[in-house]
Protein chains: 2
Amino acid sequence: MLRLHDNLTSGNGYKVRLLLAQLGRPYQRIEYDIDKRETRTPAFLAKNPNGRIPLLELEDGSFLPESNAILWYLAEGSPFLPPAGDHRRRADVMQWLFFEQYNHEPNIATVRYWITHRVPVTPLIELSIPAKRANGHAALAVMEGHLATRTFFVGERYGIADIALYAYTHVAGEGGFDLGPYPNVRAWIDRVAAQPRCIPITQG
Amino acid sequence: MLRLHDNLTSGNGYKVRLLLAQLGRPYQRIEYDIDKRETRTPAFLAKNPNGRIPLLELEDGSFLPESNAILWYLAEGSPFLPPAGDHRRRADVMQWLFFEQYNHEPNIATVRYWITHRVPVTPLIELSIPAKRANGHAALAVMEGHLATRTFFVGERYGIADIALYAYTHVAGEGGFDLGPYPNVRAWIDRVAAQPRCIPITQG
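As the structure is a prediction and not an experimental result, all values here were calculated from the model. (Residues numbered from 1 in each chain as written. Chains lettered and ligands numbered in written order. Predicted model: local features only at pLDDT ≥ 70, side-chain atom pairs only at ≥ 80, totals over all residues. Heavy atoms only, no water.)

A. Seen up close, the packing of helix α3 (residues 67–75) of chain A against helix α6 (residues 160–169) of chain A. Residues and elements named next belong to chain A. Their axes nearest at 10 Å, the elements α3 and α6 cross at an angle of 150°. The orientation of α3 relative to α6 falls into the category roughly antiparallel. The interaxial crossing formed by α3 with α6 has right-handed handedness. The segment α3 lies against α6, with N68, L71, W72 and A75 engaging I160, I163 and A164. (Axes fitted to C-alpha atoms, helices over the stretch in contact; angles between N-to-C directions. Helix = DSSP H or I, 4+ residues; strand = E, 2+ residues; numbered from the N terminus. Parallel < 35°, antiparallel > 145°, perpendicular 65-115°, else oblique. Left-handed = near helix turned anticlockwise from the far one by under 90°. Contact = heavy atoms within 4.5 Å.)

Next up, the structure:
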């Protein structure tokens with residue numbers, strides 16, 4: 001059986017939990033306290049030298065890190081990813097996955113983490129927040145424009161690009177990001193939440 | 001013919017130039033001055049609303065952003081990416097691409113950019129540099145450990161995971177990152193540089 005090394009507050013972990021729920025795949029979940037650095041122990045680093053969750057442990061005992069690589073691997077052959085021959089549409093999915101990890105997550109997810117985990121405010125954090133707010137809103141504006149003429153991110157069909165972007169967007173308010181100016185994003189959030197077997201981010 | 005919207009100092013652009021050279025695919029290159037914000041004009045934002053190079057313009061006139069998504073798209077069916085059926089090995093390639101964009105590029109490439117483009121040192125930049133140095137060295141340490149028992153990143157074969165990581169690693173010194181402590185990384189850099197049709201980062 002698949003095992004997911006995870007933290008329940010992580011949107012990156014939630015991406016994988018959500019897809020597994022929607023695929024109907026059973027798995028065992030192992031919780032780590034990231035504030036106590038439980039993903040930086042020698043035992044965990046032997047599983048993922050990068051010291052991060054989510055980490056998928058496959059049936060053969062091998063490990064796959066990186067939430068969006070896990071999404072792609074699990075979605076292969078399912079309705080959540082365009083088929084193998086559709087290179088162009090798959091490339092569009094992939095570019096949104098990289099956008100999420102480069103332009104969205106380091107801004108919106110990081111500020112949410114600082115706030116919700118009550119991370120002590122260092123001078124670097126204090127100076128970083130305005131930049132991360134601006135960059136996070138820039139990412140939301142890109143999403144807003146894209147969704148002006150689309151119901152889902154790629155090919156008018158719900159899939160892993162939506163899952164990856166939904167994870168931290170639907171809880172952006174927890175990081176102080178107001179979604180008021182983004183009606184297309186809010187309508188898309190509602191459409192994602194209405195998908196069959198959608199689970200809340202708090203569900204393990 | 002393919003058109004690459006590019007900036008010659010960009011390692012992200014170089015990834016695409018290097019793969020295109022090694023694939024022997026002809027293309028037209030269009031240079032943008034990123035310091036003059038030429039990728040934030042209305043004309044460019046109509047091509048890529050995220051305002052970034054590299055941006056690949058395909059023969060059908062459509063656009064594909066995100067350097068690593070471009071690599072994947074161009075490498076499909078070539079020796080630089082495991083074949084479509086090898087899901088497990090392709091997932092390993094993909095996790096390194098996400099590692100590069102999340103753990104490597106925002107640290108090593110960003111400091112190189114600040115230095116080589118003589119970006120004025122704001123208080124935020126000054127406070128960020130030590131954290132980016134630490135995070136960049138952590139990424140190099142992960143690479144060093146992985147390469148202790150391997151010649152290339154995935155499947156003992158040169159491919160796009162190597163191209164993506166080589167781009168900013170081989171010029172890490174320009175950002176003040178000393179590769180002295182990473183002999184496995186340095187040996188791998190030599191192996192990549194020795195690949196057929198490898199071009200320098202300065203070549204358009």
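So that's the structure; there's more coming.
B. Summary view of the nonpolar core. Formed by 112 residues in total, the largest nonpolar core has its most connected members in F153, I160 and W188 of chain A together with F153, I160 and W188 of chain B. Ignoring anything within four residues of it in the chain, the contact list for F153 of chain A reads W96, M143, H146, L147, A161, D162, L165 and W188 of chain A. (Core = buried A, V, L, I, M, F, W, Y, C linked by side-chain atoms within 4.5 Å. Buried < 20%, exposed > 50% of the residue type's maximum accessible area, 1.4 Å probe, protein only.)

C. Inspection of the packing of aromatic side chains at higher detail. All names here are of chain B. A full pass over the atoms with the stated rule returns 18 aromatic pairs over all chains. Plain terms: the ring middles of Y32 and F44 are 4.9 Å apart, the flat faces sit at 70° to each other, and that makes the pair edge-to-face. Of the two residues, Y32 is situated in the loop between β2 (27–31) and α2 (42–47) and F44 in helix α2; the sequence distance between them amounts to twelve residues. Comparing Y32 with F44 shows no difference in burial state: the two are buried. (Phe/Tyr/Trp six-rings, centres within 6.5 Å; stacked < 30°, edge-to-face > 60°.)

D. Layout of the environment of R29 of chain B. Residue and element names in this part refer to chain B. Its location among the elements puts R29 in strand β2. Using a relative accessible area of 26% as the deciding quantity, one classes R29 as partly exposed. Along the chain, R29 and H146 lie 117 residues apart, while their C-alpha atoms are 34 Å from each other. Leaving out residues up to four positions away in the same chain, R29 has contacts with L4, D6, N7, L8, R17 and G204. There is a polar contact of 3.0 Å between the side chain of R29 and the side chain of D6. (Polar contact = N/O pair within 3.5 Å; in protein donor to acceptor, adjacent residues only side chain to side chain.)

E. Here's a closer look at helix α5 (residues 123–146) of chain A. Under the 1.5 Å per step criterion, the end-to-end length of α5 of chain A is 35 Å for 24 residues, consistent within 8% with the ideal 34 Å. Restricting attention to buried positions, one finds in α5 of chain A the residues I125, S128, K132, G136, A139, L140, V142, M143, E144 and H146 of chain A. (Expected span 1.5 Å × (residues − 1).)

F. Quick look at the sheet that holds strand β1 (residues 2–6) of chain B. Residue and element names in this part refer to chain B. In spatial order, the strands read β2-β1-β3-β4; together these four strands make up an open sheet with mixed pairing. Only two strands of the sheet have a single neighbouring strand rather than two, namely β2 and β4 (63–65). Each neighbouring strand pair of the sheet contributes to a mean axis angle of 20°, computed without reference to strand direction. Judged from the three bridges that link them, β1 and strand β3 (residues 55–57) form a sheet pairing that is antiparallel. When the sheet's bridge partners are listed, H5 is paired in β3 with L55. (Pairing = 2+ DSSP bridges.)

G. The arrangement of the layout of surface pockets in detail. What the second largest pocket holds in volume is close to 570 Å³. Along the wall of the second largest pocket there are 25 residues; nearest its centre are D92, Q95, W96, H146 and R150 of chain B. Going through the elements one at a time, α2 (42–47) and β4 (63–65) of chain A together with α4 (87–116) and α5 (123–146) of chain B are the ones with two or more residues in the lining of the second largest pocket. Here the element with the most residues in the lining of the second largest pocket is α4 of chain B; it accounts for six residues. A per-class count over the lining of the second largest pocket returns ten nonpolar, eight polar and seven charged. (1 Å grid on protein atoms, 1.4 Å probe; cavity = no way out; pocket = protein on both sides within 12 Å on 5 of 7 lines; lining within 4 Å. Points joined across faces, edges and corners; volume = space filled by probe spheres on them. Nonpolar A, V, L, I, M, F, W, Y, C, P; charged D, E, K, R; others polar.)

H. Structural detail: the sheet that holds strand β3 (residues 55–57) of chain A. Residues and elements named next belong to chain A. Taken in spatial order, the four strands make up an open sheet running β2-β1-β3-β4, and their pairing is mixed. What marks the edges here is a single partner per strand, and that holds for β2 (27–31) and β4. This sheet shows a mean twist of 20° between the axes of neighbouring strands, independent of strand direction. Its contacts with the sheet put helix α1 (residues 11–23) on β1 (2–6) and β2, and the angle it makes with β1 is roughly 150°.

I. Geometry of the pattern of salt bridges. Summed over all chains, the structure comprises 22 salt bridges over all chains. Of the charged contacts, one joins D33 of chain A and K36 of chain A as a salt bridge, the two residues approaching to 3.9 Å between their closest N and O atoms. Residue D33 of chain A is classed as partly exposed on the basis of its relative accessible area, which comes to 28%. Close ionic contact of R29 of chain B with E31 of chain B constitutes a salt bridge, the shortest N to O distance being 2.7 Å. By relative accessible area, which is 39% here, E31 of chain B ends up partly exposed. Connected through salt bridges with shared partners, the residues D6, R17, R29 and E31 of chain A form a single ionic network. (Salt bridge = Lys/Arg side-chain N within 4 Å of Asp/Glu carboxyl O.)

J. Fine view of the relation of the copies chain A and chain B. Overlaying chain A with chain B gives an RMSD of 0.0 Å, the required rotation being 180° about an axis along which the chain moves by 0.0 Å. The operation mapping one copy onto its partner corresponds to a two-fold rotation axis. Minimal C-alpha separation from the rotation axis in chain A is found for Y102 of chain A, amounting to 3.1 Å. Taken as a fraction of all interface residues of chain A, those also at the interface in chain B reach 100%, which identifies the copy contact as same-surface. (Least-squares fit on C-alpha atoms with pLDDT ≥ 70 in both.)

K. Broad picture of the interface of chain A and chain B. Contacts between the two partners involve 35 residues from chain A, matched on the other side by 35 residues from chain B. Buried area between chain A and chain B, summed over both chains or domains, comes out near 3,100 Å², and the portion from carbon and sulfur atoms is 68%. The three residues of chain A that bury the most area against chain B are R88, F98 and Y102 of chain A, which together make up 22% of that side's buried surface. Seen at the junction of chain A and chain B, the total is zero salt bridges. At the junction of chain A and chain B, the tally comes to eight residue pairs in polar contact (both at pLDDT 80 or more). Going through the elements one at a time, β4, α3, α4 (87–116) and α5 of chain A are the ones with two or more residues in the side of chain A that touches chain B. Top contributing element to the side of chain A that touches chain B by residue count: α4 of chain A, with 15 residues. A class-by-class count of the residues in the side of chain A that touches chain B yields 20 nonpolar, eight polar and seven charged. (Buried area = accessible area lost by both parts, 1.4 Å probe.)

By themselves, these are just geometric observations and shouldn't be taken as functional.
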